[in-house]
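# Descriptive analysis of the structure
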Amino acid sequence: QVQLVESGGGLVQAGGSLRLACAASGRTFSSYGMGWFRQAPGKEREFVAAISRSGITTNYLDPVKGRFTISRDNAKNTVYLQMNSLKPEDTAVYYCAASTTITIATQKSDYRYWGQGTQVTVSS
């Protein structure tokens, strides 16, 4: 069992930056692939970024490539999402999730544990 708690959301102007953090409980954090998803009002939850157990491999949604960076610190049981050059279309609730798949996961169905979400609002 893993419990995930996100933090770092807020209101920012377009072009600004935010850093989301997701703290995980338990002593097996390094055995989980981690991902970030987002859900805007009236839309499906979508994949944003994922990172492998070791942190070596990452994957991103095309619109955020070059602007967002996912990273993890296994010693601190934490995964991060650095978001730069934010746009109004990035506005959503952002969720972190933990996956037990061997390969890096980009589908919601591959993730077993989810956080409660943190709101990110980008004003124009």
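Residues numbered from 1 in each chain as written. Predicted model: local features only at pLDDT ≥ 70, side-chain atom pairs only at ≥ 80, totals over all residues. Heavy atoms only, no water.

### A look at the overall build of the chain
What counts is decided by this rule: Helix and strand labels come from DSSP, where a helix needs a run of H or I of at least four residues and a strand needs a run of E of at least two; each type is numbered from the N terminus. Exposure is judged per residue with a 1.4 Å probe applied to protein chains only, and the accessible area is read against the type maximum: over 50% gives exposed, under 20% gives buried, and values in between give partly exposed. Working rule for contacts: check all heavy atoms of both residues, and any pair within 4.5 Å makes them a contact. Residues counted as positive are Lys and Arg, residues counted as negative are Asp and Glu, and His and the chain ends are not counted. A charged residue contributes its charge at one atom only: NZ of Lys, CZ of Arg, CG of Asp or CD of Glu.
For the chain, the helix and strand inventory stands at 0 helices and 11 strands. The secondary structure elements of the chain, listed N-terminal to C-terminal, are β-β-β-β-β-β-β-β-β-β-β. Taken over the C-alpha atoms alone, the chain extends approximately 40 × 25 × 25 Å along its principal axes. Across the 124 residues of the chain, 44% fall into the buried class. For the chain, the proportion of contacts with a sequence separation of at least 24, taken over those separated by at least 6, is 58%. Positive and negative side-chain charges of the chain, numbering 13 and 8 respectively, have mean locations separated by a distance of 6 Å.

### Focus: unusual backbone geometry
Look at N77: it is not a glycine, yet its phi comes out positive at around 55°. For N77, the location among the structural elements is in the loop between strand 7 (68–73) and strand 8 (78–83). With a phi angle near 50°, S85 is a residue other than glycine that sits in the positive phi range. Mapped onto the elements, S85 comes out in the loop between strand 8 and strand 9 (92–99).

### Some remarks on the environment of G8
Here G8 shows up in the loop between strand 1 (4–7) and strand 2 (10–13). Given a relative accessible area of 34%, G8 falls into the partly exposed group. Remark: the alpha-carbon pair of G8 and I102, spanning 94 residues in sequence, is separated by 28 Å. With sequence-adjacent residues up to four places away left out, G8 is seen in contact with L18, R19, L20 and T118.

Read these as spatial facts, not as claims about activity.
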